[in-house]
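Next come the chains, spelled out residue by residue.
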Amino acid sequence: MDHLGLVAWPPDPIRTERLVLRESEARDRAAFIELLASPEVNTYLGGPRPRDELERETPEVPERWPGSFVVDLDGAMIGQILLRRATGHRRPAAVGKADLGYLFLPRAWGFGYAAEACAAALGWLAGVLPGEPVVLTTQTANTGSMRLAAKLGFVEVERFEAWGAEQWLGIRGLPGARHGAA
């Protein structure tokens, strides 16, 4: 995965009804470690990383690169939105397109924060790269992610086997594709 290309970064913080999407700061380090070490968060992502390894390797200001948004609720990080260029994607339909990823702490699940944050990030992307199609890949067993993809208007392109599980690839932004309400 690569950066999105020629987009101004960082953008001004993106504000939704309840959340702020912003660039990472040093105060987010502990939440990033919690996110990457969480067995629940990483169930469909190859498993958690060891906390001691993360403590050693995570920089003071983690994930500070174009396309990486911290999702902030009331001044605290609850998740991360990732927008990258899918240059090395395994599936030809995704190669070169913008790719949406997201991770949220378990305590933030079930409140609609992921839909709100992803919709805001997709809105930002549409403003800086108009007409850019976006792909999303998730395991079909991840029912929450599958529901979110549908809500955000991703349309199934294909299913495929990878990493020992069935994967789902969806796309948003193709002419004629219907987008769901977020």
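This text follows the structure it describes.
Below is a summary of the structure that appears in this document. (Residues numbered from 1 in each chain as written. Predicted model: local features only at pLDDT ≥ 70, side-chain atom pairs only at ≥ 80, totals over all residues. Heavy atoms only, no water.)

**Notes on the packing of aromatic side chains**
Inference 1: For the structure shown, the criterion picks out four aromatic pairs.
Inference 2: Taken together, the ring pairs in this structure connect Trp9, Phe69 and Trp124 into an aromatic cluster. (Phe/Tyr/Trp six-rings, centres within 6.5 Å; stacked < 30°, edge-to-face > 60°.)

**As for the environment of Arg147**
Inference 1: Turning to its location among the elements, Arg147 is positioned in helix H4 (residues 143-151).
Inference 2: It is 19 Å that separates the C-alpha atoms of Arg147 and Arg107, two residues lying 40 residues apart in sequence. (Helix = DSSP H or I, 4+ residues; strand = E, 2+ residues; numbered from the N terminus.)

**Looking at the pattern of salt bridges**
Inference 1: A full pass over the atoms with the stated rule returns 16 salt bridges.
Inference 2: Put simply, Glu25 and Arg27 hold a salt bridge, and the shortest N to O gap is 2.5 Å.
Inference 3: On the basis of relative accessible area, Glu25 is assigned to the partly exposed category, the value being 32%.
Inference 4: Residue classification places Arg27 among the partly exposed positions, given a relative accessible area of 48%. (Salt bridge = Lys/Arg side-chain N within 4 Å of Asp/Glu carboxyl O. Buried < 20%, exposed > 50% of the residue type's maximum accessible area, 1.4 Å probe, protein only.)

**Some words on helix H1 (residues 29-37)**
A turn of α-helix holds 3.6 residues, and therefore any two residues three or four places apart point the same way.
Inference 1: Within H1, the full set of buried residues consists of Ala31, Phe32, Ile33, Leu35 and Ala37.
Inference 2: Those residues of H1 that are buried lie in contact with helix H2 (51-57), strand S3 (68-73), strand S4 (76-85) and strand S5 (98-104). (Contact = heavy atoms within 4.5 Å.)

**With respect to the environment of Leu6**
Inference 1: Position of Leu6 among the secondary structure elements: in the segment before strand S1 (14-15).
Inference 2: On the accessibility criterion, Leu6 (90% relative accessible area) is exposed.

**Quick word on the nonpolar core**
Inference 1: With 35 residues, the main nonpolar core has Ile81, Leu100, Trp124 and Phe154 as its most contacted residues.
Inference 2: When residues of this core are assigned to their parent elements, the largest contribution, nine residues, is made by helix H3 (residues 113-128).
Inference 3: Residue contacts for Ile81: discarding those within four places in its chain leaves Leu21, Gly67, Ser68, Phe69, Val71, Leu100, Gly101, Tyr102, Phe104, Ala117, Cys118 and Ala121.
Inference 4: Ala31, Leu35, Val70 and Leu105 belong to the second largest nonpolar core, which has eight residues in total. (Core = buried A, V, L, I, M, F, W, Y, C linked by side-chain atoms within 4.5 Å.)

**Some words on H4**
Inference 1: All of the buried residues along H4 are Ser145, Met146, Leu148 and Ala149. Taken around the axis of H4, the buried residues stretch over an arc of 160°, which confines them to a single face. Exposed and facing more than 90 degrees away from the buried side of H4 are Arg147 and Ala150.
Inference 2: Residues of H4 that are buried make contact with S5, H3, strand S6 (134-139), strand S7 (155-162) and strand S8 (165-172).
Inference 3: Where H4 terminates, the next one or two residues include Gly153, which has phi positive at roughly 95°. (Arc of directions from axis to C-beta.)

**Brief notes about the side chain of Asp72**
Inference 1: Mapped onto the elements of the fold, Asp72 is located in strand S3.
Inference 2: By relative accessible area, which is 6% here, Asp72 ends up buried.
Inference 3: Side chain to side chain, Asp72 and Arg22 meet in a polar contact 2.9 Å long.
Inference 4: With sequence-adjacent residues up to four places away left out, Asp72 is seen in contact with Arg18, Leu19, Val20, Arg22, Arg27 and Met77. (Polar contact = N/O pair within 3.5 Å; in protein donor to acceptor, adjacent residues only side chain to side chain.)

**Remarks on the sheet that holds S6**
Inference 1: Taken together, the eight strands give an open sheet; going across it, the order is S1-S2-S3-S4-S5-S6-S8-S7, and neighbouring strands pair in mixed fashion. In the strand order of this sheet, the two ends are held by S1 and S7, each with one partner.
Inference 2: Summarising the sheet, S4 and S5 pair through seven bridges and their orientation is antiparallel. Bridging across to S5, Ile81 finds its partner in Tyr102. (Pairing = 2+ DSSP bridges.)

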